[in-house]
Amino acid sequence: TLRILHSSKDMALSLVDVAQQFGFIEETLAVIAKPCTVRDVPSAPALPRRAGAVELRNVTFAYGRGRNALDNVSLSIPAGQKVGIVGPSGAGKSTLVHLLQRLYDVDRGAILIDGIPITSVTQDSLRDALAVVPQEISLLHRSVMENIRFARPEAGDEAVFLAARAAACDGFVGRLPQQYATLVGERGAKLSGGQRQRIGIARAFLKDAPIVLFDEATSALDTESEMEIQAALIRVLRGRTLIAVAHRLSTLTSFDRILVIRDGEICEDGTVDELRRAGGVFDRMWRLQAEGLAQDPILDSV
Ligand code: ATP
């Protein structure tokens, strides 16, 4: 028995090693921590590949027995719209992005993509419809090329190069010792935060999903990378729906629409100009920043 215990412990340890090696530990933990209520219904169909409209109908959700992280939220995002979500820390921004991926099922209400409830289709097909660019991209200790191809393993080299160019990776990759064959280091340690996020955008481009979920880096990036990332996103997104958690006011002007979330509710919804004219929470944040009273990243000040 002791030997079996030992070998299973070894096995568990080596699994941890492997997971760390590949930088997947966080996702692995997220999957393990995921409540087992998220299941495909028997013989669930695949989500048909359509335009990528997103709708939340009276969505309420709490983690465990805590207070509602989202409270009766209704929202309709037409296909192709670029939406920035802002709000103070703990407001529910990440929760919204998690629920869209069905990492958790909602407690009340429904989330629909192109009019179809996400609980009624296979989780695999839902994953195919979404390209997720998290703040911290998980990189494999492999080459830049393989790291981009990870989004679509069957993609040919040309498709990978195209994605890399669209995501403004070409410049910095060209300066690496072996360009696209350069190993990125443990968890991408050889690359800056902005470079890693551009690899994440290249993956999203390669994946070619109708909906892109983007979590803007909170860590300060130099202005040049910030602008490059913005431009890359716009190229990647042509015709696609974007739902982005935005942490900097300076990047918001390229969105079609801003949602301000506070205490699990949408308190403001409109274009940057409309929200500024309304003179509410968003306008206050904007003015604070303009006066240099709030630093980028923003929004904990309101
Ligand atoms: P931030 O800008 O700091 O990332 P956020 O707006 O994304 O904040 P959420 O992460 O969605 O906020 O959190 C909403 C609420 O849910 C908060 O009260 C938070 O403490 C809680 N919460 C978030 N994740 C979990 C979790 N895994 N388990 C329990 N509570 C959680």
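Just so it is clear, the structure is predicted and the values come from calculations on it, not from any experiment.

**Re the overall build of the protein**
Across its full length, the protein carries 11 helices and 10 strands. Expressed as a percentage of its 302 residues, the buried residues of the protein come to 34%. Long-range pairs, those at least 24 residues apart, make up 73% of the contacts in the protein between residues at least 6 apart in sequence.

**Points about the nonpolar core**
Formed by 73 residues in total, the largest nonpolar core has its most connected members in Ala167, Ile201, Ala202, Val212 and Val236. In terms of residue count, helix H8 (residues 193–207) provides more of this core than any other element does, six residues in total. Those residues in contact with Ile201 that sit more than four places away from it in its chain are Val133, Ala167, Ile229, Ala232, Leu233 and Val236.

**Considering the site of the ligand**
The ligand sits among Tyr63, Gly66, Ala69, Gly87, Ser89, Gly90, Ala91, Gly92, Lys93, Ser94 and Thr95. Residue composition of the shell around the ligand, by class: three nonpolar, seven polar and one charged.

**Some words on the environment of Ser89**
In this structure, Ser89 sits in the loop between strand S3 (82–86) and helix H3 (93–100). Sequence-wise, Ser89 and Asn68 are 21 residues apart; in three dimensions their C-alpha atoms are separated by 15 Å.

**Details of the packing of helix H6 (residues 157–166) against H8**
At a closest axis distance of 8 Å, the pairing of H6 and H8 adopts a crossing angle of 130 degrees. When the axis of H6 is compared with that of H8, the two are oblique. Here the hand of the crossing between H6 and H8 comes out right-handed. Contacts from Ala159, Val160, Ala163, Ala164 and Ala166 in H6 reach Ala202, Phe205 and Leu206 in H8. Residue classes in the contact of H6 with H8 are distributed as eight nonpolar, no polar and no charged.

**Some remarks on H3**
Among the eight residues in H3, six count as buried, and that is most of the element. Within the span of H3, buried status applies to Lys93, Thr95, Leu96, Val97, Leu99 and Leu100. One or two steps after H3, the chain reaches Arg102, where phi turns positive at roughly 55 degrees.

**Some details on the pairing of strand S10 (residues 265–270)**
Note: strand S9 (residues 257–262) against S10, five bridges, orientation antiparallel. Opposite Arg262, over in S10, you have Glu265 as the bridge partner. Adjacent in sequence and paired antiparallel, S9 and S10 are bridged by two residues, among which Asp263 carries a positive phi angle near 50 degrees.

**What to know about the sheet that holds strand S2 (residues 68–77)**
The strand order across the open sheet formed by four strands is S2-S1-S4-S5, and the pairing between neighbours is antiparallel. Of all the strands in the sheet, just S2 and strand S5 (116–117) have a single pairing partner and so form its edges. Bridge count for strand S1 (residues 54–62) against strand S4 (residues 108–113) is five bridges, and the pairing is antiparallel. Across the sheet, the residue bridging to Arg57 is Ala110, located in S4.

**Examining the confidence of the model for the protein**
In low-pLDDT segments, the atomic positions of the prediction should not be examined closely. Predicted confidence across the protein gives a mean pLDDT of 84, with 81% of residues reaching 70 or more. We note a pTM of 0.83 for the whole complex and an ipTM of 0.97 for its interfaces.

Cut-off values and rules
Residues numbered from 1 in each chain as written. Predicted model: local features only at pLDDT ≥ 70, side-chain atom pairs only at ≥ 80, totals over all residues. Helix = DSSP H or I, 4+ residues; strand = E, 2+ residues; numbered from the N terminus. Buried ≥ 20, exposed ≤ 12 C-beta atoms within 10 Å, placed from the backbone. Contact = placed C-beta atoms within 7 Å. Core = buried A, V, L, I, M, F, W, Y, C linked by C-beta atoms within 7 Å. Near = placed C-beta within 6 Å. Nonpolar A, V, L, I, M, F, W, Y, C, P; charged D, E, K, R; others polar. Axes fitted to C-alpha atoms, helices over the stretch in contact; angles between N-to-C directions. Parallel < 35°, antiparallel > 145°, perpendicular 65-115°, else oblique. Left-handed = near helix turned anticlockwise from the far one by under 90°. Pairing = 2+ DSSP bridges. pLDDT = per-residue confidence, 0-100.

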